[in-house]
Amino acid sequence: HLFVGYVAVTVYHNPTVTLSRPFAIGLFWLVASRMYGRSKPTTVLLTAAGSVLVLMAKPSFTTCFLPAVLLTLAWGWRRLRMVDWRLVGLGFVLPSILLLAVQLVRSPTGDSTGLGVAPLVVLRRLVEQRASSPWFFVVLLLASIVYPLTVLVCVRHAARERLLRLAWLTLFVALTYFFLLEITVYVDPGDFLWGAQVALFLVFIESTAIALRTLGPGAADEPGLGSSLTVRRVVTGSTFALHVGCGVLFAVVEYLEPARWW
């Protein structure tokens, strides 16, 4: 009851999600870190290859990451002249749109695919299979993101980090799909959580990198913090430990009783 609806960053029943994560990490870092400036042609080709690999592994991440990148560029329109259009356009946007169009017209199974606007229908379908209220998803979602939220609170400059902001925006797009859309050709309430799982995985990675730099062992104390640094370390470490504990529990149960929740 507590797991169905929880956005897990590690899943054991979905090998395509597992396969897509390393490709998604590489593509995310290439695009996010080199969005502005001028990249070498080899970097553009590497980005294009990463875009294809992510889509071939599982398109769920790209469908969330592509709008997030475009929204980021639109929000920072004053910096458009600084954008590396070769890398962003030719390396990421163009190959992603072309391959997504092919996959949308014809799926690997040979069936036509389609999307429909259906607010909260997929959410109800997911939670009601465990006789839970749709509102309970709010609790599960907060439990899913409690650690990265703690990092945002405990590290003052975290919200200004470009990579972390882009990761959060990708997660927001994924959850928007989950709340508003449904797949029309078959019923699978978990489909729109796949992109959210990979996006939240990136949020965890970027949050942990910031936490280690700012709060980790050997980190330079910020001026004027005093004893509050210890409190922030304890709070951040505790919420991270809660996620790890839940992940270990899930791994053990999945090993002893495969597909118990599925």
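Residues numbered from 1 in each chain as written. Predicted model: local features only at pLDDT ≥ 70, side-chain atom pairs only at ≥ 80, totals over all residues. Heavy atoms only, no water.

**Regarding the packing of helix 2 (residues 41-57) against helix 4 (residues 85-105)**
Part 1 of the reasoning: Interhelical geometry of helix 2 versus helix 4 gives an angle of 25° and a closest axis separation of 8 Å. The orientation of helix 2 with respect to helix 4, classified from their angle, is roughly parallel. Here helix 2 and helix 4 pass one another in a crossing that is right-handed. Residues P41, T43, V44, T47, A48, S51, V52, L55 and M56 of helix 2 form the contact with helix 4, whose participating residues are R86, L87, L90, G91, F92, P95, S96, L99, L100 and Q103.
Part 2 of the reasoning: Looking at the contact of helix 2 with helix 4 residue by residue, the class counts come to 12 nonpolar, 6 polar and 1 charged. (Axes fitted to C-alpha atoms, helices over the stretch in contact; angles between N-to-C directions. Helix = DSSP H or I, 4+ residues; strand = E, 2+ residues; numbered from the N terminus. Parallel < 35°, antiparallel > 145°, perpendicular 65-115°, else oblique. Left-handed = near helix turned anticlockwise from the far one by under 90°. Contact = heavy atoms within 4.5 Å. Nonpolar A, V, L, I, M, F, W, Y, C, P; charged D, E, K, R; others polar.)

**Remarks on helix 2**
Part 1 of the reasoning: Compared with the 24 Å implied by 1.5 Å per residue over 17 residues, the 24 Å span of helix 2 between its first and last C-alpha is a close match.
Part 2 of the reasoning: Within the sequence span of helix 2, burial applies to T43, V44, T47, A48, G50, S51, V54, L55 and A57.
Part 3 of the reasoning: Looking at the buried residues of helix 2, the elements they touch are helix 1 (15-33), helix 3 (60-75) and helix 4. (Expected span 1.5 Å × (residues − 1). Buried < 20%, exposed > 50% of the residue type's maximum accessible area, 1.4 Å probe, protein only.)

**Remarks on the environment of P59**
Part 1 of the reasoning: With respect to the secondary-structure elements, P59 resides in the loop between helix 2 and helix 3.
Part 2 of the reasoning: On the basis of relative accessible area, P59 is assigned to the partly exposed category, the value being 31%.
Part 3 of the reasoning: The sequence separation of P59 and L100 amounts to 41 residues, and the corresponding C-alpha distance is 7.4 Å.
Part 4 of the reasoning: Apart from the residues lying within four places of it in its own chain, the contact partners of P59 are V54, L100 and Q103.

**Here's the deal with the nonpolar core**
Within soluble globular proteins, side chains that are nonpolar generally end up buried alongside one another.
Part 1 of the reasoning: Counting 69 residues, the largest nonpolar core has F65, V69 and L171 as the members making the most contacts within it.
Part 2 of the reasoning: At 13 residues, the largest contribution of residues to this core is made by helix 9 (residues 191-215).
Part 3 of the reasoning: Apart from residues lying up to four places away in sequence, V69 is in contact with V31, M35, V88, F92 and L166. (Core = buried A, V, L, I, M, F, W, Y, C linked by side-chain atoms within 4.5 Å.)

**Examining the layout of surface pockets**
Part 1 of the reasoning: In this structure, the second largest pocket occupies an estimated 690 Å³ of space.
Part 2 of the reasoning: Surrounding the second largest pocket, 28 residues form its lining, Y6, L242, H243, C246 and G247 being those nearest its centre.
Part 3 of the reasoning: Counting residues per element, the ones that place at least two in the lining of the second largest pocket are helix 6 (136-144), helix 9 and helix 10 (228-256).
Part 4 of the reasoning: The element best represented in the lining of the second largest pocket is helix 10, accounting for 9 residues.
Part 5 of the reasoning: Residues of the lining of the second largest pocket, tallied by class, amount to 23 nonpolar, 5 polar and no charged. (1 Å grid on protein atoms, 1.4 Å probe; cavity = no way out; pocket = protein on both sides within 12 Å on 5 of 7 lines; lining within 4 Å. Points joined across faces, edges and corners; volume = space filled by probe spheres on them.)

**A short note on the pattern of salt bridges**
As a working rule, side chains carrying opposite charge can pair if their charged atoms are close by.
Part 1 of the reasoning: Considering all chains together, one arrives at 1 salt bridge under this definition.
Part 2 of the reasoning: One salt bridge in this structure joins E161 and R213, with 3.8 Å as the shortest N-O distance. Taken together, the residues E161 in the loop between helix 7 (146-154) and helix 8 (162-180) and R213 in helix 9 connect sequence positions 52 residues apart.
Part 3 of the reasoning: Exposure remark for E161: the relative accessible area of 26% places this residue in the partly exposed category. (Salt bridge = Lys/Arg side-chain N within 4 Å of Asp/Glu carboxyl O.)

**Brief notes about the packing of aromatic side chains**
Aromatic ring pairs are described here by two measures, namely the spacing of the ring centres and the angle between the planes.
Part 1 of the reasoning: Using the criterion set out here, one finds 8 aromatic pairs in the structure.
Part 2 of the reasoning: Counting every residue linked through ring pairs, the aromatic cluster contains F28, F61, F65 and F92.
Part 3 of the reasoning: Taking the ring centre of W194 as reference, the NZ or CZ of K58 above it sits at 3.5 Å. (Phe/Tyr/Trp six-rings, centres within 6.5 Å; stacked < 30°, edge-to-face > 60°. Lys NZ or Arg CZ within 6 Å of the ring centre and 35° of its normal.)

**Points about the side chain of T170**
Part 1 of the reasoning: Tracing the backbone shows T170 in helix 8.
Part 2 of the reasoning: A polar atom in the side chain of T170 sits 2.8 Å from the backbone oxygen of L166.
Part 3 of the reasoning: Once you skip the residues sitting within four places of it in the chain, T170 turns out to touch F61, C64, F65, A68 and A199. (Polar contact = N/O pair within 3.5 Å; in protein donor to acceptor, adjacent residues only side chain to side chain.)

**Thoughts on the confidence of the model for the protein chain**
Parts of the model with low pLDDT should not have their predicted coordinates read in detail.
Part 1 of the reasoning: Counting all residues, the mean pLDDT for the protein chain is 85, and 87% of those residues have values of 70 or more.
Part 2 of the reasoning: Least confident of the elements in the protein chain is strand 1 (residues 115-117), whose mean pLDDT is 77; most confident is helix 7, at 95. (pLDDT = per-residue confidence, 0-100.)

**Overview of unusual backbone geometry**
Part 1 of the reasoning: One non-glycine residue with positive phi stands out, namely L120, at about 65°.
Part 2 of the reasoning: You can call L120 partly exposed: its relative accessible area is 35%.

**What about the environment of Y255?**
Part 1 of the reasoning: Along the chain, Y255 turns up in helix 10.
Part 2 of the reasoning: Counting along the chain gives 243 residues from Y255 to Y12, while the straight-line C-alpha distance between them is 9.3 Å.

**Topic: the packing of helix 1 against helix 8**
Part 1 of the reasoning: The N-to-C vectors of helix 1 and helix 8 enclose an angle of 125°; their axes lie 10 Å apart at closest approach. By the criterion of interaxial angle, the relationship of helix 1 to helix 8 is oblique. For helix 1 against helix 8, the interelement crossing comes out right-handed. Contact with helix 1, carried on its side by F28, W29, A32 and S33, involves R162, L163, L166 and A167 of helix 8 and no other residues of that element.
Part 2 of the reasoning: Across the contact of helix 1 with helix 8, the residue classes break down as 6 nonpolar, 1 polar and 1 charged.

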